[in-house]
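The residues making up each chain are set out below.
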Amino acid sequence: QVQLVESGGGLVQPGGTLRLSCTASGRISPFYNMGWYRQFPGNQDAMVAEITADGTTTYADSVKGRFTISRHMLNSTAYLQMNALKVEDTAVYYCYYKGSRTFWGQGTQVTVSS
């Protein structure tokens, strides 16, 4: 079993910055990917970013150049640095851990509004 706890969401104005974190605990594999999906108002889902065990990153086109995903291996924590936030980034962000099985965090609300 793997448990994920994520934090860092909140309310920010357009152009602002937030950093999300996601910490995994339990039976952690040496080889795993972590990342985020987001659920928009109206329940549309989309991939945001992913980082592999060797540090390879993947981003949705909509966030390239604005978001950066990273990880700290020793404490099994991933980070999503979100810069130049837009109103259309408003969503619930769900982190995930993908080893032999996939586990999900509880979600954190990001609201971008003036």
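Owing to the predicted nature of the structure, the values given are computational and were not obtained by experimental measurement.

Asks: Help me out: how do you make sense of the state of the cysteines in this one?
Replies: Disulfides are covalent bonds that link the sulfur atoms of two cysteine residues. This structure, assessed with the given rule, holds one disulfide. A sulfur-sulfur distance of 2.1 Å marks the disulfide that ties C22 to C95. One disulfide, between C22 and C95, carries an S-S torsion of 60° and so falls in the right-handed class. Of this pair, C22 sits in strand β3 (residues 18–26) while C95 sits in strand β9 (residues 91–98), and the two are 73 residues apart along the sequence. Judged by relative accessible area, C22 falls into the buried class, the value being 0%.

Asks: Would you take a moment to explain the packing of aromatic side chains for this structure?
Replies: Tallying each qualifying case throughout the model produces five aromatic pairs. Considering the side-chain rings of Y37 and W104, the 5.7 Å spacing of their centres and the 65° angle between planes classify their relative orientation as edge-to-face. Of this pair, Y37 sits in strand β4 (residues 33–39) while W104 sits in strand β10 (residues 102–104); the two residues are 67 residues apart in sequence, bridging distant segments of the chain. Residue classification places Y37 among the partly exposed residues on the basis of a relative accessible area of 34%. A residue is classified by how much of its surface remains accessible, and W104, at 46% relative accessible area, is partly exposed. Feature note: the residues Y32, Y97 and F103 constitute an aromatic cluster, connected by ring pairs.

Asks: Whenever I open this one, the environment of L74 confuses me. Can you help?
Replies: Tracing the backbone shows L74 in the loop between β7 (67–72) and β8 (77–82). Judged by relative accessible area, which is 82%, L74 ranks as exposed. C-alpha of L74 to C-alpha of A49: the two residues are 25 residues apart in sequence and 21 Å apart in space.

Asks: Could you clarify how one ought to interpret the pairing of β8 in this entry?
Replies: Regular strands have side chains that alternate between both faces of the sheet. With five of six residues buried, β8 is to be regarded as a mostly interior element. Across six bridges, the pairing between β3 and β8 is antiparallel. Looking across to β8, one finds that R19 is bridged to Q81. Two strands pair when backbone bridges link them, and β7 and β8 are joined in this way by six bridges, in the antiparallel orientation. Its bridge partner being in β8, T68 is matched across the sheet by Q81. Linking β7 back to β8 in an antiparallel pair, the connection comprises four residues, with S76 at a positive phi of about 55°.

Asks: What exactly am I supposed to notice about the pairing of strand β5 (residues 45–51) here?
Replies: Across six bridges, the pairing between β4 and β5 is antiparallel. What sits directly across from G35, in β5, is E50. Between the end of β4 and the start of β5, which pair antiparallel, lie five residues, with G42 showing a positive phi angle near 95°. In this structure, the hairpin formed by β5 and strand β6 (residues 57–59) is closed by a connection of five residues, where G55 is found at a positive phi of approximately 95°.

Asks: Can you walk me through the side chain of T108 in this structure?
Replies: Mapped onto the fold, T108 is located in strand β11 (residues 108–112). T108 gets classed as buried once you look at its relative accessible area, which sits at 11%. In terms of polar contacts, T108 uses its side chain to reach the backbone amide nitrogen of G9, at 3.2 Å. In this structure T108 touches E6, G8, G9, L20, A91, V92 and Y93, once residues within four positions along its chain are discounted.

What counts and how
Residues numbered from 1 in each chain as written. Predicted model: local features only at pLDDT ≥ 70, side-chain atom pairs only at ≥ 80, totals over all residues. Heavy atoms only, no water. Disulfide = S-S within 2.5 Å. Helix = DSSP H or I, 4+ residues; strand = E, 2+ residues; numbered from the N terminus. Buried < 20%, exposed > 50% of the residue type's maximum accessible area, 1.4 Å probe, protein only. Phe/Tyr/Trp six-rings, centres within 6.5 Å; stacked < 30°, edge-to-face > 60°. Pairing = 2+ DSSP bridges. Polar contact = N/O pair within 3.5 Å; in protein donor to acceptor, adjacent residues only side chain to side chain. Contact = heavy atoms within 4.5 Å.

Coordinates in, geometry out; function isn't part of it.
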